[in-house]
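# Reading the structure
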Amino acid sequence: MKGRIAVLGEVGGKRAAALIVDGLLDDFLIDTDDDKIPAPGAIFRAICDRPLKGLGGMMLRLPGGTGFLRGASGLRPGQPLLVQVTGYSEPGKAVPVTSRLLFKSKYAIVTPEAPGINVSRAIKDEEMRVRLLEIAHEIGGDDPSFGLIVRSEAERASNEDIANDITDMAELATAVMGDTVGSEPELLVEGVDAHTLAWREWGQVETVADAPNAFEDFGVLEMIDSLLAPRMGLAGGGYCYIEPTRALVAVDVNTGGDTSPAAGLKANIATARLLPAQLRSRGLGGQITIDFAPMAKKDRRQLEQVLKTAFRGDAIETAFAGWTPLGHFELQRKRERLPLHEILTL
């Protein structure tokens, strides 16, 4: 099963989407279907509640909950403010939000109060960049209160599709940015569902399978069962465990029956290459602590390079904290998704 295949369906009544690349699950998205859990990208008119001076932030009132905004200087309690959800919060904690709104679609991102028109650096062809800039200037104009970023996927789109996308996002941004008056918090723009997010973020795919039995036909249900299990097999007989705890996500790598001198390095490299897709699909973020299989210290540099290369194409922000005194490797990953096992029990 070669190529990129987007499979759309439902799991437990929740919309879901699976990206299969060359027969392997590369990404999995699923809705929460819980109105009390705002999805990243949702936009609210929030009401400032109380400042947290020690943290330099402000607690906000949201519909049915609270939000936390960093860098809240100049704000006062009772003031309405437009904010956008940036990620999921841990149970019992405030929802993280930002006042720098982004209106993102497949081909363009409108950036209110951040003027300027730019084209993604991933587009290298100069003639293509000129074409996209011409479209952006023609549609977006030179409004000093709005900015525009043309995304890399626009390279494969028609002029009409790009223009329509920019127009739709600009109109939505104009409507939302004008809705700042109100004494009560209100949801203005919902976060996108799994199917829309797949269309927006997965780029070019050879096949889109959305028949009623698509998940069964492409083996997605079995892939989901594998994601819910902590053990993941590796090429060469090794295996690793990916287990979320309250404090962190623990990854434990083992060589299995391989007793060759290079067994540890081989199992570690195999884990590093698979880890981004596994964390994405399982919806895991926060602190990631990896207990790699034993290997020579001289091999650490090679393993780090493999790990950074693997995460380079991952859209979810991940910081490399490095090696600990005990020989573990730590990552810090943005909580853009809820853990899959939690969603399926909602």
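Bear in mind that the values here come from a model prediction, so they are computed numbers and not experimental data. (Residues numbered from 1 in each chain as written. Predicted model: local features only at pLDDT ≥ 70, side-chain atom pairs only at ≥ 80, totals over all residues. Heavy atoms only, no water.)

The subject of this paragraph is the overall build of the protein. A tally of regular secondary structure across the protein gives 8 helices and 20 strands. For the C-alpha atoms alone, the extent of the protein along its principal axes is close to 65 × 50 × 45 Å. Residue burial in the protein is summarised as follows: out of 346 residues, 42% are buried. A fraction of 64% describes how many contacts in the protein between residues 6 or more apart in sequence connect residues 24 or more apart. For the protein, the accessible area works out to roughly 18200 Å², and carbon and sulfur atoms hold 50% of it. Within the protein, the 48 negative side-chain charges are centred at a point lying 9 Å from the centre of the 38 positive side-chain charges. (Helix = DSSP H or I, 4+ residues; strand = E, 2+ residues; numbered from the N terminus. Buried < 20%, exposed > 50% of the residue type's maximum accessible area, 1.4 Å probe, protein only. Contact = heavy atoms within 4.5 Å. Areas by Shrake-Rupley, 256 points an atom, 1.4 Å probe, with all protein chains shown as cover. Lys, Arg positive; Asp, Glu negative; His and termini not counted. Charge placed at Lys NZ, Arg CZ, Asp CG, Glu CD.)

Its boundaries defined by the atoms lining it, the second largest pocket holds a volume of some 610 Å³. Together, 26 residues line the second largest pocket, and Phe-68, Arg-70, Thr-86, Ala-94 and Pro-96 are the ones closest to its centre. Secondary structure elements with two or more residues in the lining of the second largest pocket: strand E6 (65-70), strand E8 (95-98), strand E19 (318-323) and strand E20 (329-333). Taken together, the residues of the lining of the second largest pocket break down into 9 nonpolar, 9 polar and 8 charged. (1 Å grid on protein atoms, 1.4 Å probe; cavity = no way out; pocket = protein on both sides within 12 Å on 5 of 7 lines; lining within 4 Å. Points joined across faces, edges and corners; volume = space filled by probe spheres on them. Nonpolar A, V, L, I, M, F, W, Y, C, P; charged D, E, K, R; others polar.)

To continue, consider the pattern of salt bridges. Pairing between side chains of opposite charge can happen when the charged atoms of each approach one another. Summed over all chains, the structure comprises 14 salt bridges. Within the structure, one salt-bridge network assembled from shared partners comprises Asp-26, Arg-280, Asp-314 and Arg-333. (Salt bridge = Lys/Arg side-chain N within 4 Å of Asp/Glu carboxyl O.)

Within the element layout of this structure, Ile-162 appears in helix H2 (residues 159-177). Sequence spacing of Ile-162 and Gly-74 is 88 residues, and the spatial spacing of their C-alpha atoms is 38 Å. Not counting residues within four places of it along the chain, the set of residues in contact with Ile-162 comprises Tyr-107, Arg-131, Leu-132, Ile-135, Ala-154 and Ala-157.

Looking now at empty space enclosed by the protein. Using a probe with the size of a water molecule, rolled over the atoms, empty space left in the structure can be pinpointed. Considering all chains together, one arrives at 1 cavity of 30 Å³ or more under this definition. Put simply, the largest cavity is a space of about 40 Å³. Contributing to the lining of the largest cavity are Leu-279, Arg-280, Gly-283, Leu-284, Gly-285, Ile-316, Arg-333, Lys-334, Arg-335, Glu-336 and Arg-337. Split by residue class, the lining of the largest cavity holds 3 nonpolar, 2 polar and 6 charged.

The next thing to look at is the packing of aromatic side chains. The full count for this structure, using the stated rule, is 5 aromatic pairs. Ring geometry for Trp-323 and Phe-329: centres 5.1 Å apart, planes at 80 degrees, overall edge-to-face. In this structure Phe-329 comes out as buried when scored by relative accessible area, which is 2%. Aromatic rings pair up to connect Phe-292, Phe-311, Phe-320, Trp-323 and Phe-329 into one cluster. Lying across the ring of Trp-323, Arg-300 places its NZ or CZ 4.2 Å from the centre. We note Lys-308 situated over the ring of Phe-320; from NZ or CZ to the ring centre the distance is 5.9 Å. (Phe/Tyr/Trp six-rings, centres within 6.5 Å; stacked < 30°, edge-to-face > 60°. Lys NZ or Arg CZ within 6 Å of the ring centre and 35° of its normal.)

Turning to helix H6 (residues 263-282), a few remarks are in order. Compared with an ideal rise of 1.5 Å per residue, which puts 20 residues at 28 Å, H6 spans 27 Å between its outermost C-alpha atoms and is within 8% of the ideal. Helix geometry: H6 is bent most strongly at Leu-274, by close to 45 degrees, with proline Pro-276 lying one to four residues after it. Across the 20 residues of H6, 17 count as buried, placing the element largely inside the fold. At the exit of H6 stands Gly-283, carrying a positive phi of roughly 70 degrees. (Expected span 1.5 Å × (residues − 1). Bend = angle between axes of the 7 residues up to and from the residue.)

In this structure, Phe-103, Val-110, Leu-132, Leu-148, Ile-162 and Val-176 are the most contacted members of the largest nonpolar core, which totals 26 residues. Of all the secondary structure elements, the ones that give two or more residues to this core are strand E10 (108-112), strand E11 (116-119), helix H1 (126-140), strand E12 (146-150) and H2. Among the elements that line this core, the one with the most residues is H2, at 6 residues. In this structure, Leu-265, Ala-272, Leu-279 and Ile-288 belong to the second largest nonpolar core, which totals 25 residues. (Core = buried A, V, L, I, M, F, W, Y, C linked by side-chain atoms within 4.5 Å.)

Once that is clear, we can look at the packing of H6 against helix H7 (residues 300-312). At a closest axis distance of 9 Å, the pairing of H6 and H7 adopts a crossing angle of 20 degrees. Taken together, H6 and H7 sit at an angle that is classed as roughly parallel. The way H6 lies across H7 gives a crossing that is right-handed. Residues Leu-265, Asn-268, Ile-269, Ala-272, Arg-273, Leu-275, Pro-276 and Leu-279 of H6 form the contact with H7, whose participating residues are Gln-302, Leu-303, Val-306, Leu-307, Ala-310 and Phe-311. Of the residues belonging to the contact of H6 with H7, the class tally is 11 nonpolar, 2 polar and 1 charged. (Axes fitted to C-alpha atoms, helices over the stretch in contact; angles between N-to-C directions. Parallel < 35°, antiparallel > 145°, perpendicular 65-115°, else oblique. Left-handed = near helix turned anticlockwise from the far one by under 90°.)

On to the sheet that holds strand E3 (residues 24-30). On the basis of which strands lie adjacent, the open sheet formed by 4 strands has the order E3-E2-E1-E14 and mixed pairing. The sheet is open, and its two borders are formed by E3 and strand E14 (207-209), each paired with just one other strand. Taken over all neighbouring pairs, the strand axes of this sheet differ in orientation by 20 degrees on average, direction set aside. The sheet contact formed by strand E1 (residues 4-11) and strand E2 (residues 14-21) spans 8 bridges and is antiparallel. Within the sheet, the bridge partner assigned to Leu-8 lies in E2 and is Ala-17. Most of the contacts of helix H3 (residues 194-201) go to E2, to which it runs at about 30 degrees, and overall it touches E1, E2 and E3. (Pairing = 2+ DSSP bridges.)

Worth remembering: the numbers are spatial, not functional.
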